[in-house]
Amino acid sequence: MSELILEAVNLEYSYPDGTSALRKVNLQVQKGERLAILGSNGAGKSTLFMHFNGIYRPNSGFIKYQGQDISYKKQDLIELRKKVGIVFQDPDSQLFSASVWQDISFGPLNLGLSEEVVIERVKQAMLDTETTDLEDKPTHLLSYGQKKRVSIAGVLAMEPEVIIFDEPTAGMDPRHSHEFMQILEKLSLEGKTIILSTHDVDLAYSWSDRLAIMYRGEIIAHGLPGELLTRPEIVKRADLTIPWLIETHTELVKKGWLPSSAPLPKTKTDLFQNIPAKSGQQSA
Amino acid sequence: MIAIDAYAYNNKLKSVHPAEKSLFAMLTMGMCLTSSTMLTPFIVLVLMAGGIVFKAGIPTRVLIRLLAIPMSFLLISVLTIAISVSTDSSGFWLAQTVKGFTIGIHYPDLLTAANLFLRSLGAVSCLYFLALTTPITELIAVLHTLKVPFIITELMVLIYRFIFVFLETATMIRRAQYSRSGYVSLKSSFRSMSRLFSALLGKVFVKYQDLYNTMAARGYNGEIRVLSQKRPISLRNYFFIAGIEIPLIILNLLWR
Ligand SMILES: Nc1ncnc2c1ncn2[C@@H]1O[C@H](COP(=O)(O)OP(=O)(O)OP(=O)(O)O)[C@@H](O)[C@H]1O
Ligand SMILES: [Mg+2]
C-alpha cells in the first residue's frame, strides 16, 4: 500500500518577477491516498501543483513519478499529463471552448481515444458532476460554481491516476460541495490518488488520510491530520484554525463530559457517538 | 454581438444540423446576390425574416434592431445612387430646380438603388439567419469538415473565447471603478479609462498564460480537438432547401 507515486524533492521555484514561491519543498504522495494540502493565501499550493505535471519547471530539485525523475521532453510530458490531472483553481482559465460538451471532450480526445469512448466518458463525467443539463450551454454563460463543476468534469473524463484539485469546493453551494465530496469518495474507492488543496480546515481534517501544511513556500508540517491539527503552534503559525470537531472534543474532555481516552472524532457522527447520553435519559 | 451569440445557443432551430442551416443560408444568399429582379431579394428577405421570427422563435424587435444596424450605411449609399444633381433638367422623374441646378431622381437610378437596397438587406438577413440560429462553435465544426486549415479554425475558437474573456474582464474592472466612484468627472473619467486599459492588458496577458497552462495540463499537443455535439441529419431539411432554392433559381433565370 505504501507505494510512492509522486514525490517532490527539494523543490525550489521563483517566478520570473523574483517572488520565491517554493523553498526546499519535500513531499511524498502515496498511491491511493487522500492528501490534503492546507495553507493560507499565497502559501504556494497552486505553484506546487503546477510542478506535479510539469507545467512549471523547478529552479532546482525535481519531481518523481513512480520513482523516476520526470522528463521535460514534449512527448514525455504528454504521457505524464495523461496520468496526473489537475483541476485548476480558476475555472475561467481552464474552460476555453465555447460549449460545455466540447470543453469536456478536449482532454479525452487528446488521449487518443476513439470517438465512442470519448462520448462515453464525457457523458459519465457530466453525470458525476451533474452538468448534463448544461451540455449545450456556452461556457461564458455559466455561473461560477457551474464553471467549477464543468472544469472538474473535464479532468475526470481523462481518468488520470492522480487527480489534483486546487481548491475545488471554493464557490460551490453546500449541496454541490457535499456531492463533490461524494465524487471524491467514489474516486478513492476506484483506487485513484487524490491531492486536494483547501483553506477549509474542517474539510481537510475529515477527509484526508494525510495532511501537509504549507506556509510561505515551505511545507512546515506533514503527517496525520489528527496529530497536526491538534497542535496549536503549527496551526497558528500557518494562519489556520483548529477544526471545530477537535475544538469541541477537547472542550468536552476538559469539562469532563468525555473521558480523556475517548478517540478523536473524525466526523460529526463520530463525535455525537462519543458523547454519552445523560444517565437519567439512558433508560428512557 | 453578445445578443446574437446568446440567441444562437438558445433558439428553436438549435438542434438542426449546422451544415443544413449553413447550406440554406449560403445558397439563398447566392440567389439573392445574383438575381437581377427585385422580386428575389424581396422573397429572400421575407423568407429569412419569417424563418428567424417564426421558426427560430427570435423576438421580432430583436430582428428589427439588428436589421436597423446596416440600414444607416445602406440608406446613405442608396441615396447617393438615386439622387443626382445636374444643370440639365430633362429626364428627371422627380426633381426640384434651384438657380439652374436640378436636384432630383432619374427613374432608372431609383430602380438601381431600390434593387441594391433590397439585395443587400436580403443578403444581410441570410447572414443573420445563420448567426442567430447557429453557435459559432458549430459553424467552426462545419468549416472543419470543409477542410479549412486547422490554424484558422483554432484561431477562431480562441479569438471567440477571448472576446468574452476581454469583455468580462473589462466589465468587471469598470464595475469596480464605478463602485469606487470612478468616472465622476471628466478628469476622473479619463484617468479611470486609462487605468482600465492598462489593467485589461495585464489581466488578459495573465489569462492567456493560464489558459495555455491549463490546456497543456489536459494534454494539448499543438492541435485543439473537441467533439461537437452530433446533430441529426434530416433528409426533410434537404428537400426543404431544394424546394426553396429551385424556384428561386428559376425566378432568377426567367428574369434575366
Ligand atoms: N504568475 C505569477 N507571477 C509572479 N508571482 C506569482 C505568480 N503566481 C503566483 N505568484 C506568487 O507566488 C506565491 C505563491 O502563490 P500560489 O498561487 O502558489 O499560492 P496559493 O497557495 O495557491 O494561494 P491561494 O490560496 O491564494 O490560491 C504568492 O506569493 C504569489 O504572489
Ligand atoms: Mg492557489
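Before reading on, note that the structure itself is shown above.
Residues numbered from 1 in each chain as written. Chains lettered and ligands numbered in written order. Predicted model: local features only at pLDDT ≥ 70, side-chain atom pairs only at ≥ 80, totals over all residues. Heavy atoms only, no water.

Asker: Any chance you could explain the coordination of the magnesium ion (ligand 2) here in plain terms?
Answerer: When a metal carries six donors in an octahedron, the ideal angles between them are 90 or 180 degrees, while four donors in a tetrahedron ideally lie at 109.5 degrees. Residues and elements named next belong to chain A. Taken together, Ser 46 (OG) and Gln 89 (OE1) make up the protein donors of the magnesium ion (ligand 2), found 1.9 to 2.1 Å from the metal. Here Ser 46, found in helix α1 (residues 45–52), pairs with Gln 89, found in the loop between β6 (84–87) and α3 (91–94); they are 43 residues apart in sequence, far enough to count as distant. The exposure class of Gln 89 is partly exposed, given its relative accessible area of 32%. (Donors = N, O, S within 2.8 Å, 3.2 Å for Na, K, Ca; no water. Helix = DSSP H or I, 4+ residues; strand = E, 2+ residues; numbered from the N terminus. Buried < 20%, exposed > 50% of the residue type's maximum accessible area, 1.4 Å probe, protein only.)

Asker: Explanation requested: the site of ligand 1 in the structure shown.
Answerer: Residue and element names in this part refer to chain A. Neighbouring ligand 1 are 15 residues, the closest being Gly 42, Lys 45, Ser 46, Thr 47 and His 199. In the environment of ligand 1, a nitrogen atom lies 3.4 Å from a nitrogen or oxygen atom belonging to the side chain of Tyr 15. The side chain of Thr 47 places a nitrogen or oxygen atom 2.4 Å from an oxygen atom of ligand 1. When ligand 1 is considered free in solution it has 640 Å² of accessible area, and contact with the protein chains removes 67% of it. For the shell around ligand 1, the element with the highest residue contribution is α1, accounting for three residues. Taken together, the residues of the shell around ligand 1 break down into three nonpolar, nine polar and three charged. (Near = heavy atom within 4 Å. Polar contact = N/O pair within 3.5 Å; in protein donor to acceptor, adjacent residues only side chain to side chain. Areas by Shrake-Rupley, 256 points an atom, 1.4 Å probe, with all protein chains shown as cover. Nonpolar A, V, L, I, M, F, W, Y, C, P; charged D, E, K, R; others polar.)

Asker: Explanation requested: the nonpolar core in the structure shown.
Answerer: Here is a general trend for soluble globular proteins: nonpolar side chains tend to be buried in one another's company. Core analysis: the largest hydrophobic core is formed by 51 residues, its most contacted members being Ile 104, Phe 165 and Leu 184 of chain A. Counting contributing residues, this core receives three or more from each of domain 1 (4–242) and domain 2 (243–274) of chain A. Val 44, Ala 56, Val 78 and Leu 121 of chain B belong to the second-largest nonpolar core, a separate cluster that totals 35 residues. (Core = buried A, V, L, I, M, F, W, Y, C linked by side-chain atoms within 4.5 Å. Domains from an automatic or database assignment.)

Asker: It is not clear to me how the layout of surface pockets should be interpreted in this structure. Could you clarify?
Answerer: Picture a little ball the size of a water molecule; that probe, rolled over the atoms, points out where space is still empty. Residue and element names in this part refer to chain B. If you add up the space inside the largest pocket, you get close to 700 Å³. If you go around the largest pocket, you meet 31 residues; those closest to its centre are Ala 141, His 144, Val 226, Leu 227 and Ser 228. Residue contributions to the lining of the largest pocket peak at eight residues, all from helix α6 (residues 136–145). The residue inventory of the lining of the largest pocket, partitioned by class, reads 16 nonpolar, nine polar and six charged. (1 Å grid on protein atoms, 1.4 Å probe; cavity = no way out; pocket = protein on both sides within 12 Å on 5 of 7 lines; lining within 4 Å. Points joined across faces, edges and corners; volume = space filled by probe spheres on them.)

Asker: Please explain helix α2 (residues 74–83) of chain A as it appears in this structure.
Answerer: Every α-helical turn comprises 3.6 residues, leaving residues that sit three or four positions apart pointing alike. Listed as buried for α2 of chain A are Leu 77, Ile 78, Leu 80 and Arg 81 of chain A. For α2 of chain A, the angular spread of the buried residues around the axis is 165°, confining them to a single face. Here the buried face of α2 of chain A lies against α1, β4 (60–65) and β6 of chain A together with α8 (186–217) of chain B. (Arc of directions from axis to C-beta. Contact = heavy atoms within 4.5 Å.)

Asker: Can you help me understand the packing of aromatic side chains in this one?
Answerer: Both the distance between ring centres and the angle between the ring planes are used here to describe each pair of aromatic rings. Considering all chains together, one arrives at 10 aromatic pairs over all chains under this definition. The interplanar angle of 45° and the centroid separation of 5.9 Å between the aromatic rings of Phe 24 of chain B and Phe 240 of chain B together place this pair among those described as tilted. Here Phe 240 of chain B lies in helix α9 (residues 235–254) and Phe 24 of chain B lies in helix α2 (residues 18–34), a separation of 216 residues in the sequence. Centroid distance Tyr 212 of chain B to Tyr 220 of chain B: 6.2 Å. Interplanar angle 90°. Geometry classified as edge-to-face. Taking relative accessible area as the criterion, Tyr 212 of chain B reaches 44% and is therefore assigned partly exposed. Grouped by ring-pair contacts, the aromatic residues Tyr 13, Tyr 15 and Tyr 56 of chain A constitute a single cluster. Between Lys 266 of chain A and the ring centre of Tyr 205 of chain A, over which it is positioned, the NZ or CZ distance is 5.5 Å. (Phe/Tyr/Trp six-rings, centres within 6.5 Å; stacked < 30°, edge-to-face > 60°. Lys NZ or Arg CZ within 6 Å of the ring centre and 35° of its normal.)

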